[in-house]
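# Descriptive structure summary
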Amino acid sequence: MRFGKKKAPDPAACASSPEEIDPSNMMPPANQERSQYQSGELSKERVESNIPRGADAEGNWVYPSEQMFFNALHRKGKGEGVQEEAMPAVVAIHNNMNENTWREVLKWEALRKHECDAPKLLRFMGRPDELTLKAGLKYYSGLAPRPFDRHDWYDDRCGREVRYVIDFYFNEEHAGREDQFELVVRPALDSFDGAVDRTKMFIYVEFAKRGWPCPVSGMPGDLLSREQPGSAGAAAA
């Protein structure tokens, strides 16, 4: 997201050593300490998501608090111009985007429901400075703006690890509206199954536009419009 101008990272917020990085999200330990850059108090309450944790972890992923998010922005050198009173809205938008991303992942996972009916999120990684092949082609050919962020999400498909790539776009014309952010979610092309699923989804979508069932999988034409298990709404307001 466009949270503010870049500046030198906060040295105090960068005190974590490489050994302390959490491999599930490639982030340092949660920092709930007051920042030198804030003048008021920020909430330290964390909201539980609707996204189940993979592997042997129990429960759902938990979103960062306002204090954690504020500290993370300054740690990354992106905190300049960020107003403390805006943090509730910033955190809510962040949480909602993640809920929407998981719903999109579940639509793809529906293609593999016969293999696993309870996928979970194993880990994720932000890669904002690396364009995906699709995003790069569209950006350099002038067909789309540069995504403001890129994530790789690793799905736990009942014991099998599956990588998804996500491009996040901000639509200037829709600023302030619920649809101001656009997500492009798809399985990575690092496996044969990923390529097969992309092909199956393309065929399914084209047939679904006409109300026809998929000729490959037999899925009904309204499947992707249904609420997917584990995607019951956004987790923060």
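Our subject is the structure listed above.
Residues numbered from 1 in each chain as written. Predicted model: local features only at pLDDT ≥ 70, side-chain atom pairs only at ≥ 80, totals over all residues. Heavy atoms only, no water.

What follows is about the packing of aromatic side chains. Applying the stated criterion across every chain, the model contains 6 aromatic pairs. Seen in terms of ring centroids, Tyr139 and Tyr140 are 4.9 Å apart; in terms of plane orientation they differ by 65°. Their pairing is edge-to-face. Using a relative accessible area of 33% as the deciding quantity, one classes Tyr139 as partly exposed. Owing to a relative accessible area of 65%, Tyr140 belongs among the exposed residues under this scheme. Note on Phe148 and Phe181: the rings are 5.8 Å apart at their centroids and 65° apart in plane angle, and the pair reads as edge-to-face. On the criterion of sequence distance, the pair formed by Phe148 in the loop between α3 (133-140) and β4 (149-157) and Phe181 in strand β6 (residues 181-187) is long-range, its members being 33 residues apart. (Phe/Tyr/Trp six-rings, centres within 6.5 Å; stacked < 30°, edge-to-face > 60°. Buried < 20%, exposed > 50% of the residue type's maximum accessible area, 1.4 Å probe, protein only. Helix = DSSP H or I, 4+ residues; strand = E, 2+ residues; numbered from the N terminus.)

Time to look at the sheet that holds strand β3 (residues 120-126). Across the sheet, 4 strands lie side by side as β3-β4-β5-β6; this open sheet has antiparallel pairing. Strands at the two margins of the open sheet, each flanked by one partner only, are β3 and β6. Averaged over neighbouring strand pairs, the angle between their axes works out to 25° when direction is ignored. By the bridge criterion, 6 bridges tie β3 to β4 in an arrangement that is antiparallel. Paired with Lys120 across the two strands is Asp156, which belongs to β4. Sitting on the sheet, helix α2 (residues 87-109) is in contact with β3, β4, β5 (160-170) and β6, with an inclination near 35° to β6. Sheet strands touched by helix α4 (residues 192-208): β4, β5 and β6. Its angle to β6, the strand with the most contacts, is close to 125°. (Pairing = 2+ DSSP bridges. Axes fitted to C-alpha atoms, helices over the stretch in contact; angles between N-to-C directions. Contact = heavy atoms within 4.5 Å.)

Attention shifts here to α4. Since the α-helix packs 3.6 residues into each turn, any two residues three or four apart lie on the same face. Over its 17 residues, α4 runs 24 Å from end to end, which matches the ideal 24 Å to within 8%, given 1.5 Å per residue. Considered for burial, the residues of α4 that qualify are Asp193, Gly194, Asp197, Lys200, Met201 and Tyr204. Looking down the long axis of α4, one finds its buried residues gathered within 125° of arc, a one-sided arrangement. With respect to the buried face of α4, the exposed residues turned more than 90 degrees away are Phe192 and Phe202. Buried residues belonging to α4 abut α2, β4, β5 and β6. (Expected span 1.5 Å × (residues − 1). Arc of directions from axis to C-beta.)

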